Each structure stands twice: as structure tokens, then as C-alpha cells.
Amino acid sequence: MKISNNTEIIVDKLAIRKNIMTIGVLVRDSSGKPEDLEIKLAVRFENASEVRIVPLPLTASNYDENGSFIGYAVFDYELDTIFENRNLNDFVVNIQAYSGKGYQDVLVDSDAFNQLKDENEYKCLVENKKIIIRRKKPIKLTRENPILFLLCSIYRIVEFLIGTLLIPLFLLDGIYVIILGNRRRKTEETYGGSQLKRTILFAKWRYSAFCRLTINIATVKRMALNLTASFLSVFCKKDSILFASSRREDITGNIAYVNDVLREKGAKVLFWLEPGKTKYVKWGKIFSLATKIAKSRVVVVDDYTPILNDIWALKYCKLIQLWHACGAFKTFGFSRIGKDGGPNQTNRNHRNYDYAMVSSSEIRRFYAEGFGIDEKNVLPLGVPRTDDFFRQEYQEQIREKLYETYPVLKGKKVVMFAPTFRGNGAGSAYYPAKQFDVKRLAECLGDDYVIIIKHHPFVAEPHPVDSSVKSQVLDLSTESEINDLLFITDLLITDYSSVIFEASLLDIPMLFYAFDLEDYVAARDFYYPFKNFVPGKIVRNMDQIEAAIEAKDYELEKVERFKHRFFDDLDGKSSERVAEFILSLVNQK
């Protein structure tokens, strides 16, 4: 099937082995401009009650004898992880490809791939160019079967007890292998450290290979949370709204804005704000969370909150993800399946949300993909914390406060350099400072300008600033909210940071310093082709930055289209809409 004049997509492989479905797709492009080609492929699975979109990553590429680009995408999908209800008796598979007009279904010819073998438990049909998969012998869903759940629990407990009794044997085996055996060199490479440490780690590996149920402090606390919340839910009246977070300890961001509206409407609001991993949470906080879950009809989070994974009592609540970011830019969550650092398919993170809030209808698909939930549960009600971008009085107050704190800013034009980090996360985050010569830019701009440097919070190393231009440069990476700084910004220089969505609300000119674009696409990727997506001019080196500023060539006309594309409502009433929706869930009988 052709998705453009030069690009053709062919589905050439479909196979199921036990629980694994393999899908292979061939991409051929004859435009002669592979550098402008950004193929996005996905697979849409649908049964009677659920829809799940999962990416199909491109795994290999080459050129044929005519110079045409040839790409191949092949991936193994674990069917048991696709649907929450595990209903695989009858489902539809659509391969989809992105073009300039969005994703479209790739029509399938029944002769384009090998039919499933008769001995397979699934039967494959092609109806109206779509793939229909049916179990030859439908099975009853047993997920909610209490007897099966009890038997599985008993088995896991017995397995754990036997594994615990075998720990001395695993230790003896470790002593033999590491100290006495002939595998010493291999274990040194694998585990490192002293012989005692290697012995213990080897025994731990043997234990985990035998027993799937491991007991540690985090497991014990989660079990206590589960049992307590389930028990209290029987007796407590569920009429409250709980805001929970494992990332913040104060009421800020989206939570603060929605809370203000709920308070005005007389809602019963509870808070559990405890940053850190589950194993470090104090016992008193664990039981406090259990009590608050038991009292709540709705639980709201605004970031990844791992302590709420697999909490039984949440079945009697509605869990809402009030995600902190606007728009859809860099891929996250399950959209990164198949990439380095991405989740595996059995990961349960994010998949327990009943609803997720986003800024526009267009991006619902991508949040559904990233969270692993149905698109119908992603609601474009807006991002509450952006309401201040429509309040002139608030903006004036912030400007006055910033000018008072940093007098050098007053009367100057402000260029803010706000790139994202490189690396895999907080532990390895950095920015290659040599790529952005702040001294050179300051000298080019002159005394009428001040440069604000605002690195991502994950970047610990400050940006080097030459003493000769320190009067023109402020590094505010560890100070001030980036949203507040936008109110005094005349030009934003960024790369792949999502701050561009907030900046578009203020019609700020932007330059995109993408010196490593190809590497970043390969490692992280975007939901849209970068070159056709960003609301400003793309520059690749310092010469191009200076030339664009001198000519005031920012491609500013892109900002207005971008803003309306990623915000359905530009009225400053997102908090009101989200609060009204939450109250409607509380009042449901």
C-alpha cells in the first residue's frame, strides 16, 4: 500500500507461536531523500471491549540497486500483555503507518504473508483488508475467578517456603562455583567485588531463578498497604478525592490548581505526598495512604506513582492521571518498546489508569500508546497549570518579582537557553556544554541582551560561563520555575524540550538547536517527524544561531498553528473542566 507518492508499506509476515505474535513490515521509499524520511509504524489491537496501540519499531534499513530506501520493521508481541481483560478469543489487528495527514491503516492482502499453521490454536482471516484473529477453541476468562486466584496464591506461598529452605544449598553452590569451581573468572566478570559478595549475589540469582515470589521491605510494605486498604474499604464511606504523589512533597503543579477549584466547590480533598521509593516510605505513611484510599472515590496522580501499582482497593476507586506535560513530543512509556531503556511488554506501570488528561484531541492516541490504555479513556480537558498563561495580572506579578530578584534583567531583552538533557535519566543526565558557546553568543548579542541558562533539573553540572560575560549571563538552572521565566523571555533557544508548548501560549519566538538530531531520534525518537513539527527555525551550529538572531529569522508564523494544534481550549479554564469531571465521578452512584 502507498502512503505517499514515493513511500510504500507492505505487510509481509504474520506468525503466532504459542503466545507470541510476530509482525513484519517492509518499507520502500524512492524519493531519494532518506534524510527527510521519518517512518512511524504501529499496531492497533482491538477486541470486544478494549483497544491497545503498540509501536512497531524499524529494525533494519538499506538501499536497493536503484538507490531506493528499504526499511524493515519486525517485532514479537506478547499477546497475554496486550489486553487488560486478557480476552484473546476474537480480536482485530491493524498495522498503521504515519503520513503527513496522521496515521492510516495499511491494507493487507491475504497472499502477502504466510497463513497460520493448522496446529496453531489461532485462526487467521483477512476481512476487508484487516487481520482477524480467532481462537479455534474459545476459553473462559479466569482472571476474576476467586478459586483460581486462591490456588495460585497457595502455590506461590509453597514455592516461596521451599525456596527459603533451599537458601543454604544455594549458598553452598555459590561457594563451590566462585571459590572452588572452574567458573571463577566468569563470575568475576559478571558480579565483581569480593568473593563473599559474589557468592551472595550468585545465591540470590539461584533463588530468584527458582522462586518468583521474593520478599523484601518494599514487597512487605506493599502487601500491608494492600491488605489494610482492602479491609478498611469495607467500612469507610467513599466520598473523598485523594491527590497522591511519589515525586513531590508540596502542593504544586496541576494538583494545586485543581485543588483550589475543588475546595471552592466544597469537595472533600485528601493529600498523600511522599517522595521516594516504596521501601523508604515510613510505616505510618503506608497506613495513612491505605486509610485515604479506603475513603476515596477518586485518586488523582500527576506523574508516575509506583506505590499505587497493583493495589486491589483501587478497583473501587477511579484513578486519574493528571499528567504534568503538555502536548506530545518525545516518546515515553510503552511508546519506547523495542528501544534501549524502554519498558518490557510485561511491565504494569501506568496501565491501571481509568482516565488520563491531555491538552488536545490530536494527542490522545499518543498518550494511550505511552500509558498502554484505551484511547477512549484519554480526555482532552486541558493542563491545569497552564491557566496562569491566560491571567495578565499573575504574569505582571511574576515579572515584577523576577526584576526585583535579578535587577540585571530589567530593561533588557532576554534570550533563554533551555535544552533538555542527554543520557538515560537522573543518574546519567548531562548536557554537552561545549556545543553551546555562551561567551560567543553574549558577545554577538551585545549589552542590550541578557542570556538565561536553564538546564533540565537532572543536569547537575553547571554551564561554564567565562568571567568576561558574567554580567550578561544568569544560570538559573537550580532557581526559579521555567514557566515563570517565560513571562520575561523574548527568544527561546531549545532543542527537544517540551517547554515549547508553554512558550507557544505566549507567542515567543523559538530557535531549535538540534546539532545531534539524528542521534537523538535514534535513541529517543518523537511522536511527530521533528523537522515538520517544531514551531520555529532549526539550527545546527553556533553560526546558524547567530545568523538567525541577526536576521530575526525565527519562522514565527509556525507558532500560531502549533498552539492551536496542541491546545483545544485557549481559555484558562482547564482547572475548572478537570475539577468538574472529578466531581462527576465522585457523585456517581
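Residues numbered from 1 in each chain as written. Predicted model: local features only at pLDDT ≥ 70, side-chain atom pairs only at ≥ 80, totals over all residues. Heavy atoms only, no water.

So, the overall build of the protein chain
Right, so step 1: Counting its regular elements, the protein chain contains 16 helices and 22 strands.
Right, so step 2: For the protein chain, whose C-alpha radius of gyration is 27 Å, the value lies close to the compact-globule estimate of 25 Å for 589 residues.
Right, so step 3: Dimensions of the protein chain, computed from C-alpha atoms along their principal axes, come out at roughly 75 × 70 × 65 Å.
Right, so step 4: Going through the 589 residues of the protein chain one by one, you find that 48% of them count as buried.
Right, so step 5: Taking all contacts inside the protein chain whose residues are at least 6 apart in sequence as the whole, residues at least 24 apart take part in 67%. (Helix = DSSP H or I, 4+ residues; strand = E, 2+ residues; numbered from the N terminus. Rg over C-alpha atoms; globule rule 2.2 N^0.38 Å. Buried < 20%, exposed > 50% of the residue type's maximum accessible area, 1.4 Å probe, protein only. Contact = heavy atoms within 4.5 Å.)

Examining the sheet that holds strand β17 (residues 413-417)
Right, so step 1: The parallel open sheet is built from six strands, whose spatial order is β19-β18-β17-β20-β21-β22. In this open sheet, the two edge strands, each paired with only one partner strand, are β19 (473-475) and β22 (537-539). Going from strand to strand, the sheet's axes swing by 20° on average, the running direction of each strand aside.
Right, so step 2: Bridge analysis of strand β18 (residues 449-453) against β19 gives three bridges, and the strand direction is parallel. Paired with I453 across the bridge in β19 is D475.
Right, so step 3: Seen against the sheet, helix α10 (residues 438-445) touches β17, β18, β19 and β20 (491-494) and runs at an angle of roughly 155° to β18. (Pairing = 2+ DSSP bridges. Axes fitted to C-alpha atoms, helices over the stretch in contact; angles between N-to-C directions.)

Some words on helix α8 (residues 364-371)
Right, so step 1: Across the eight residues that make up α8, a large majority, seven, are buried.
Right, so step 2: Those residues of α8 that fall on the buried side of the exposure criterion are R365, F366, Y367, A368, E369, G370 and F371.

Thoughts on the pairing of strand β2 (residues 20-29)
Right, so step 1: Taken across its ten residues, β2 has eight buried, putting it largely inside the fold.
Right, so step 2: Sheet topology places strand β1 (residues 7-17) next to β2; ten bridges connect them, and they run antiparallel. The residue bridging I9 from the neighbouring strand is V27, located in β2.
Right, so step 3: Count of turn residues in the β1/β2 antiparallel hairpin: two residues, of which K18 carries a positive phi of about 55°.

Regarding the pattern of salt bridges
Right, so step 1: This model, assessed by the stated rule, comprises 32 salt bridges.
Right, so step 2: Between R28 and E8 there is a salt bridge whose closest N-O contact spans 3.7 Å. Separated by 20 residues along the polypeptide, R28 in strand β2 and E8 in strand β1 bring together distant segments of the chain.
Right, so step 3: Residue R385 is joined to E502 by a salt bridge in which the shortest nitrogen-to-oxygen separation is 2.5 Å. One end of the pair, R385, is in the loop between β16 (378-379) and α9 (392-405); the other, E502, is in helix α12 (residues 499-505), with 117 residues separating them in the sequence. As far as the burial class goes, R385 and E502 line up, both buried.
Right, so step 4: Each member of the salt-bridge network shares a partner with another, and the members are K537, D553, E555 and K558. (Salt bridge = Lys/Arg side-chain N within 4 Å of Asp/Glu carboxyl O.)

What to know about the confidence of the model for the protein chain
Right, so step 1: Of all residues in the protein chain, 92% have pLDDT values of 70 or greater, and the mean over the chain is 87.
Right, so step 2: Summarising per-element confidence for the protein chain, the mean pLDDT is lowest in helix α3 (residues 184-191) (50) and highest in strand β21 (residues 510-513) (98). (pLDDT = per-residue confidence, 0-100.)

Focus on the nonpolar core
Right, so step 1: The biggest cluster of nonpolar side chains holds 76 residues, and the ones touching the most others in it are I293, L308, F329, Y367, F501, F530 and F533.
Right, so step 2: Sorting elements by how many residues they give to this core places α12 first, with five residues.
Right, so step 3: Residues contacting F530, with those up to four places away along its chain left out, are E38, F329, D495, Y496, F512, A514, L517 and I538.
Right, so step 4: Within the second largest apolar cluster, 33 residues are counted, among which are V25, V27, A73 and Y77. (Core = buried A, V, L, I, M, F, W, Y, C linked by side-chain atoms within 4.5 Å.)

What about the side chain of S359?
Right, so step 1: Residue position: S359 is located in the loop between β15 (355-357) and α8.
Right, so step 2: Judged by its relative accessible area of 4%, S359 is buried.
Right, so step 3: Ignoring anything within four residues of it in the chain, the contact list for S359 reads C326, G327, G382, V383, F566, F567 and D568.

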